[in-house]
Number of protein chains: 2
Amino acid sequence: MKASSKNRYWLGFDLGGTKMMATVFDKDFNIVAYRRKKTKDGKGSKGVLPRIVETIEEALQAGHLDHKHLSAIGIGSPGWLDLDRGVVLLAPNLGLRNVPLKKELTKDFGCPVVVANDVDAGTYGEYRFGAGQGVRCLLGVFPGTGIGGGMVYEGKLFRGRIGSCMEIGHIHMQPKGRLCGCGRRGCLETVASRLAIASEAGAAAYRGEAPHLLELAGTDVAAIRSGALASAIKAGDHVIEEIVCHSAKDLGIAIGSVVNLLAPDMVVLGGGLVEAMPALYVKEVRAAIKKQALRPYTKLLKVVTAKLGDDAVAMGAAALAAEHVRNES
Amino acid sequence: MKASSKNRYWLGFDLGGTKMMATVFDKDFNIVAYRRKKTKDGKGSKGVLPRIVETIEEALQAGHLDHKHLSAIGIGSPGWLDLDRGVVLLAPNLGLRNVPLKKELTKDFGCPVVVANDVDAGTYGEYRFGAGQGVRCLLGVFPGTGIGGGMVYEGKLFRGRIGSCMEIGHIHMQPKGRLCGCGRRGCLETVASRLAIASEAGAAAYRGEAPHLLELAGTDVAAIRSGALASAIKAGDHVIEEIVCHSAKDLGIAIGSVVNLLAPDMVVLGGGLVEAMPALYVKEVRAAIKKQALRPYTKLLKVVTAKLGDDAVAMGAAALAAEHVRNES
């Protein structure tokens, strides 16, 4: 088969803390094939890069494709990145340090490779294909174990000099707050992430105030996932509802401050908490944004839920790769 | 004299709450002439527009110039603006509502008119001619009676859909804080503006803890200006130093949060408090930013003082007007 614009394929890669996914898209960004693997195989960080290559190879095979069909690879990764050089400088959850992703994958697959922050890629995915198509200024906020943020401004991802930015999880919220993973106290992540909620909910379950959660997930913060929280609320654990709503309100206050800074046209909310409790959670966040943000901004603002779910990062990364190829040619 | 590129002049206008200033610049942005007036003449808001026209006319006359020499006018205004239409939607301090500045001045002077937010114009001035020349991402923060912010990103002012943004003064800081001018509680302006400091300092003076300030400015918050605060500290009012440093720290924490969002390459600090206490105040702000912002961002960040002083808004507005003309032609 002769390579032409008719058989161009993009590969989007979502490098997550627990799983990785390679998705092959045709030129119109329809999904052709995909392949998932666990990120960690027990062999430590050395195994991660070979597993990325393996997952891409298998996704290509699943689509009956070869290296030569690939126009570009886009990869969404967590951690601190050097975007231009395509290096993962540090990703503690993956055990990666100074991994030259772009260089290695370019060598293996012989096509352009773009490395992006995973939340940026997800936000860009929603901008191109999801809830925020064509929006002038789109703020993506993804509360999960941490709280990620990304922004597309006038068609392009907003970025730092070397790496990504929009670390909304590390907005200061409480002068004498809890200890954050970043070493500071009172960051938004300590009051409104899934982990913050889980730790508060776990204590309530331990005290006997959330019998359904106790039965569903116990008191281990690792086990108290968004789905368990949603189920406990449905089953009647009022204290869990109170905890979740209070954290949603804090998230809304923080987003309201960001709206006062950036005046986005749309905030798209995604991630585990949003997916598990779209009505309850988003209603609280929306109300708090409206209360905190200045009137001229809220008048023009839409607050919506993400549409692409688990595909957002891979789709966004593939689209960023396609955009890169378009700009280079 | 025949109009040519050799005799093009730009006019920059700073529309302030207490004074207005028109400055004529030659094509290389050297100051040719300027003229100041008080903004209010006791005749209410109806007098403001004629006085703007009058001030521009007088500045032209002072430079021995006529309307025909003017290539464009740039005007920096406070309040809520419609940037594209050049309308001051609402500026409570000036008593203006729905004033079509662009239309009126275009009619009077027969040249293009650009209306910008005053803090944006000041930030753009520092970007073009001052402390932040050519910086990829420049955040301007101007603590005064309120706290204004502006950002130049990749050569252009960052803006909202209709108006300006970067309302850093309305970042949420204290869950049960003081009442803000915007109607909310605990905004940054309630802890770190000149007015917030003055109200705290005034109470301290009333209690007899700041004898020098009491002598210099009394206990009236309107009279406790940045200069008086600086003099009182110099004279030995330790409690005033404590109040100022504490508020500078709060400003730094808020800027640190913004750094975590936007990863600017430089923060330029200007306004009354900075000018009155450049060493003491900026040192505290800088230290707090460093503590609050994430390490990969602070490593690349410079925190500096503004260079243009009172000329920043007029210079920036004139440069924005020139940029507009360049893009249109």
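Look up a bit, the structure's there.
Everything numeric in this text was worked out from a predicted model, so none of it was measured. (Residues numbered from 1 in each chain as written. Chains lettered and ligands numbered in written order. Predicted model: local features only at pLDDT ≥ 70, side-chain atom pairs only at ≥ 80, totals over all residues. Heavy atoms only, no water.)

Caption draft 1: Examining the overall build of chain A more closely. Summing up its helical and strand segments, chain A has twelve helices and 13 strands in all. Taking 2.2 N^0.38 as the reference for a compact globule, 329 residues should give roughly 20 Å; the C-alpha atoms of chain A span a radius of gyration of 20 Å, in line with that estimate. Dimensions of chain A, computed from C-alpha atoms along their principal axes, come out at roughly 65 × 50 × 35 Å. In chain A, which comprises 329 residues, the proportion classed as buried is 58%. Here the contacts in chain A between residues at least 6 apart in sequence split such that 61% fall between residues at least 24 apart. Total accessible area on chain A is roughly 14000 Å²; 51% of this is exposed by carbon and sulfur atoms. (Helix = DSSP H or I, 4+ residues; strand = E, 2+ residues; numbered from the N terminus. Rg over C-alpha atoms; globule rule 2.2 N^0.38 Å. Buried < 20%, exposed > 50% of the residue type's maximum accessible area, 1.4 Å probe, protein only. Contact = heavy atoms within 4.5 Å. Areas by Shrake-Rupley, 256 points an atom, 1.4 Å probe, with all protein chains shown as cover.)

Caption draft 2: Representation of the pattern of salt bridges within the structure. All names here are of chain B. Counting across every chain of the model gives 26 salt bridges over all chains. When the shortest N-O distance is used, the salt bridge between Arg136 and Asp265 registers 3.2 Å. Taken together, the residues Arg136 in the loop between helix H3 (118-129) and strand S9 (137-143) and Asp265 in the loop between helix H8 (238-262) and strand S12 (266-269) connect sequence positions 129 residues apart. Residue Arg136 is classed as buried on the basis of its relative accessible area of 18%. A residue is classified by how much of its surface remains accessible, and Asp265, at 8% relative accessible area, is buried. (Salt bridge = Lys/Arg side-chain N within 4 Å of Asp/Glu carboxyl O.)

Caption draft 3: Structural detail: the environment of Cys165 of chain A. Of note, Cys165 of chain A is situated in the loop between strand S11 (156-157) and helix H4 (189-192). By relative accessible area, Cys165 of chain A is classed as buried at 2%. Along the primary structure Cys165 of chain A and Gly150 of chain A are separated by 15 residues, whereas in three dimensions their C-alpha atoms are 7.3 Å apart. With residues near it in sequence (within four places) discarded, Cys165 of chain A still touches Gly149, Phe158, Arg159 and Gly160 of chain A together with Asn260, Leu261, Leu262, Ala263 and Tyr297 of chain B.

Caption draft 4: Representation of the packing of helix H1 (residues 48-62) of chain A against helix H2 (residues 101-109) of chain A within the structure. All names here are of chain A. At a closest axis distance of 11 Å, the pairing of H1 and H2 adopts a crossing angle of 40°. Classified by the interaxial angle, the pair formed by H1 and H2 is oblique. Crossing geometry of H1 relative to H2 is assigned as right-handed. For the pair H1 and H2, contact is made by Leu49, Ile52, Val53, Ile56, Glu57 and Leu60 and by Leu101, Glu104, Leu105, Asp108 and Phe109, respectively. The class makeup of the residues in the contact of H1 with H2 is eight nonpolar, no polar and three charged. (Axes fitted to C-alpha atoms, helices over the stretch in contact; angles between N-to-C directions. Parallel < 35°, antiparallel > 145°, perpendicular 65-115°, else oblique. Left-handed = near helix turned anticlockwise from the far one by under 90°. Nonpolar A, V, L, I, M, F, W, Y, C, P; charged D, E, K, R; others polar.)

Caption draft 5: Geometry of the nonpolar core. Among the nonpolar cores identified, the biggest contains 114 residues, and Phe158, Leu213 and Ile255 of chain A together with Phe158, Leu213, Ile240 and Ile255 of chain B are the most heavily contacted of them. What Ile240 of chain B contacts, discounting residues up to four positions off in sequence, is Ala201, Ala210, Leu213, Leu229, Ala232 and Ile233 of chain B. Core analysis: the second largest hydrophobic core is formed by 31 residues, Phe13, Val48, Ile75 and Ala91 of chain B among them. (Core = buried A, V, L, I, M, F, W, Y, C linked by side-chain atoms within 4.5 Å.)

Caption draft 6: How the structure looks around unusual backbone geometry. Residues and elements named next belong to chain A. In this structure, Glu154 is a non-glycine residue whose phi angle is positive, near 50°. Although it is not a glycine, Met166 sits at a positive phi angle of roughly 60°. Looking at the secondary structure, you find Met166 in the loop between S11 and H4. When its relative accessible area of 2% is taken as the criterion, Met166 is described as buried.

Caption draft 7: Spotlight on the interface of chain B and chain A. Chain B puts 42 residues into the contact, and the matching count from chain A is 42 residues. Around 3600 Å² of area is buried between chain B and chain A when both sides are counted, 62% of it from carbon and sulfur atoms. Joining chain B to chain A, the criterion identifies four salt bridges. One salt bridge in this structure joins Arg161 of chain A and Asp265 of chain B, with 3.7 Å as the shortest N-O distance. Put simply, the parts of the chain that give the side of chain B that touches chain A at least two residues each are strand S10 (147-153), strand S11 (156-157), H8, helix H10 (278-292) and helix H11 (295-298) of chain B. Take the side of chain B that touches chain A: its biggest share by element is six residues, from H8 of chain B. Along the lines of polarity and charge, the residues of the side of chain B that touches chain A split into 25 nonpolar, seven polar and ten charged. (Buried area = accessible area lost by both parts, 1.4 Å probe.)

Caption draft 8: Structural view of the relation of the copies chain B and chain A. Structural alignment of chain B on chain A gives an RMSD of 0.0 Å, achieved by rotating through 180° and translating 0.0 Å along the axis. The superposition of one copy onto the other is thereby described by a two-fold rotation axis. Rotation axis and chain B: the residue whose C-alpha lies nearest the axis is Met173 of chain B, separated from it by 3.3 Å. A symmetric contact is evident, with 100% of the interface residues of chain B recurring at the interface of chain A. (Least-squares fit on C-alpha atoms with pLDDT ≥ 70 in both.)

Caption draft 9: Main features of the sheet that holds strand S6 (residues 87-91) of chain B. All names here are of chain B. Reading across the sheet, the three strands line up as S5-S6-S7 and stay open at both edges, with antiparallel pairing between neighbours. Of all strands in the sheet, those bounded by a partner on one side alone are strand S5 (80-82) and strand S7 (96-99). Averaged over all pairs of adjacent strands, the angle between their axes in this sheet comes to 15°, without regard to strand direction. Two strands pair when backbone bridges link them, and S6 and S7 are joined in this way by three bridges, in the antiparallel orientation. (Pairing = 2+ DSSP bridges.)

Caption draft 10: Highlighting the packing of aromatic side chains. What the rule picks out here adds up to 13 aromatic pairs over all chains. Each ring, one from Trp80 of chain A and one from Tyr297 of chain B, has its centre 5.4 Å from the other, and the planes form 90°; the classification is edge-to-face. Placement of the pair is Trp80 of chain A in strand S5 (residues 80-82) and Tyr297 of chain B in helix H11, with the two residues belonging to separate chains. Judged by its relative accessible area of 25%, Trp80 of chain A is partly exposed. Exposure remark for Tyr297 of chain B: the relative accessible area of 5% places this residue in the buried category. Judged by centre distance (4.0 Å) and plane angle (20°), the ring pair of Phe158 of chain A and Tyr153 of chain B falls under stacked. Linking Phe158 of chain A in the loop between S11 and H4 with Tyr153 of chain B in strand S10, this pair reaches from one chain into another. With a relative accessible area of 9%, Tyr153 of chain B lands in the buried category. Ring-pair connections join several aromatic residues into one group, and the members of that group are Trp10, Phe25, Phe29 and Phe129 of chain A. (Phe/Tyr/Trp six-rings, centres within 6.5 Å; stacked < 30°, edge-to-face > 60°.)

In short, shape yes, function no, at least from these values alone.
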